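So the chains spell out like this:
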Amino acid sequence: MPLEKVSKMKISSSRQLNIRQHADAALRAIGSRDVKLYQPCERSWSDLCQDARSIKDGARSLAAKLEGDAAVEHATEIEDAFNGLMEVYDAIEKERDRRNKLGYKDAWPGGRDPRRPVGDDIDGDDDDDDDGQFSSRSEPAGGNREARTNVLTPNLRMVDWQRHQNSNAQSRLPDLGSYLRSMVLGAKNETERRALMEGSDSAGGYTVPDRLSAELIDRMRGMSVVNRVGAVTVPLTSNKHTIAKIVDDPEPQFRGEGDEVHESGVTFGPVVFAPKMLAVMVRVTRELLEDSLNIGTALPDLLAKKMAEKLDRVAFLGSGTDSEPRGVINFQNLTDTTGFAAGAPKVMSDYLPFVRARTALRQVNADVSAYVMGVREEGALAEFKDTTGQPLQPPKLIADVPMYSTNDIPSNSGPGNNESVIIAGDWRKLMIGMRNEITIEVLRERYASTMEVGFLCWMRFDIAAEHEQAFTVLRNIIPDGYEVAAPAG
């Protein structure tokens, strides 16, 4: 089996300059002022883990600068630097995943497997093949590109997928905010006029062109916790898509001469994506549209943020009933973690729940790529102390596993309104099947009497897992010190 190639980062010179200017401390921490020369494959395992923490800290620092409603000087440069750091972080994570997969954690000088003799590259792939940037869950023999299912890992953009699918449609478009403004106030330049013509519908209104819709999807994915933990996006081009999921692992057995080969149970089953609709409406005054300096950025960001929050909630907690997708905690074939199934409250005073979750997943040939919990649980972990009064350190088994928090996982469940859940799993097995457009329409008449305009935005998506047993849920969690019931509501 050919070895997976070492990935190469392709960071533009302008982005590199923005990273140097706004995230120099992160570059110094990884020992490379020239990010293009940084090679994760040449770093030792401990350095690689430290680099991931340094880059994440740098990205968080940049994100903090952009939070809030106030205008930020050099906001575009800071956002570009943030995206650059995330490219570096994704490259580090991909390198760590590759070493874990191969069971060999030492550095790979020059990107070559040190266990192999020096010679020609035997796998024959071309690193510069742009057509290979989108991974595939399945591709039939003969390389039929039309039949394969493209998958976007967190570091790949829907904009690039859309461009890849429509290589002939390369006309210049305005930014999304300018286009939304022009839908109400009219075009200010030729670029906006062409975009409005492209997005005009039969009723005389306007919809968002596919490439600008993909840009909004990317904004939403960038704000989504479930995307950051590693879930993959599957662009859907029809109302129903079916892909394969692992139902059970096959069990090879030795056989004697002339004996029949042992037949395992069903190994694969179908996952059917049936996209459900998520919609939101935002009202804006005409005065604000005409006069505001930052509405072109604020409006798309607000739409993306609200969509991302709902996507996260459903991906983690979705009921799977009526018109709502099924989230991870309601998967039917989750792996059970000893002592943390649904039932009586469990007081969390150390990292035992996290170790137990890892053990449970390893026993079914899965692993933990990240933990996801509520904000309260994350804060409680930081408060835990060891016997000397120092912050409690996680065991080595889980020290390098990322931990994410989100307000979309509540901490007021259960009879006492003080219970929560922690989700662990291999998040690369979680798939968000997403129609490749977010539709935005302008509602003029509805709010005409108040001189306001409504932007009606909707998208369709579904949630599924390639292997549900790759996830486990720690239920009824109460951090030590939070046993007192919270007020109802």
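Just so you know, these numbers come straight off a predicted model, no measurement behind them.

S.K.: Explain the overall build of the protein to me, using residue names and the numbers behind them.
M.R.: Scanning the protein for helices and strands turns up 13 helices and 14 strands. Counting over 489 residues, the protein shows a buried share of 43%. Put simply, of all contacts in the protein between residues at least 6 apart along the chain, 74% involve residues at least 24 apart. Counting every atom, the protein has about 25500 Å² of accessible surface; 48% of that belongs to carbon and sulfur.

S.K.: Explain the environment of glycine 186 to me, using residue names and the numbers behind them.
M.R.: Tracing the sequence through the fold places glycine 186 in the loop between α6 (176-185) and α7 (190-198). In this structure glycine 186 comes out as partly exposed when scored by relative accessible area, which is 28%.

S.K.: Outline the side chain of threonine 439, supporting the account with residue identities and numerical values.
M.R.: With respect to the helices and strands, threonine 439 occurs in strand β12 (residues 439-443). Taking the relative accessible area as the measure of exposure, threonine 439 reaches 19% and is therefore buried.

S.K.: Which residues make up the packing of aromatic side chains, and what are the values?
M.R.: In the structure shown here, the tally under the stated rule is 5 aromatic pairs. Plain terms: the ring middles of phenylalanine 331 and phenylalanine 471 are 6.2 Å apart, the flat faces sit at 75 degrees to each other, and that makes the pair edge-to-face. Taken together, the positions of phenylalanine 331 in the loop between α11 (295-317) and β7 (346-348) and phenylalanine 471 in strand β14 (residues 471-479) put the pair 140 residues apart, joining distant regions of the chain. Since its relative accessible area comes to 0%, phenylalanine 471 is described here as buried. Aromatic side chains tyrosine 351 and phenylalanine 354 sit 5.9 Å apart centroid to centroid with 55 degrees between the ring planes, which places their arrangement in the tilted category. Note on accessibility: tyrosine 351 and phenylalanine 354 belong to one class, buried. Each member of the aromatic cluster is reached from another via a ring pair, and the members are Phe316, Phe331, Trp427 and Phe471. Taking the ring centre of tyrosine 404 as reference, the NZ or CZ of lysine 56 above it sits at 5.4 Å.

S.K.: How would you sum up the pairing of strand β11 (residues 430-435)? Please name residues and give values.
M.R.: In terms of burial, β11 is largely enclosed, as 6 of its 6 residues are buried. Of the two faces of β11, both are covered, the one formed by Leu430, Ile432 and Met434 as well as the one formed by Met431, Gly433 and Arg435. Looking at chain direction, strand β3 (residues 232-236) and β11 are connected through 5 bridges and run parallel. In the strand pairing of β11, valine 232 is matched with methionine 431.

Conventions and cut-offs
Residues numbered from 1 in each chain as written. Predicted model: local features only at pLDDT ≥ 70, side-chain atom pairs only at ≥ 80, totals over all residues. Heavy atoms only, no water. Helix = DSSP H or I, 4+ residues; strand = E, 2+ residues; numbered from the N terminus. Buried < 20%, exposed > 50% of the residue type's maximum accessible area, 1.4 Å probe, protein only. Contact = heavy atoms within 4.5 Å. Areas by Shrake-Rupley, 256 points an atom, 1.4 Å probe, with all protein chains shown as cover. Phe/Tyr/Trp six-rings, centres within 6.5 Å; stacked < 30°, edge-to-face > 60°. Lys NZ or Arg CZ within 6 Å of the ring centre and 35° of its normal. Pairing = 2+ DSSP bridges.

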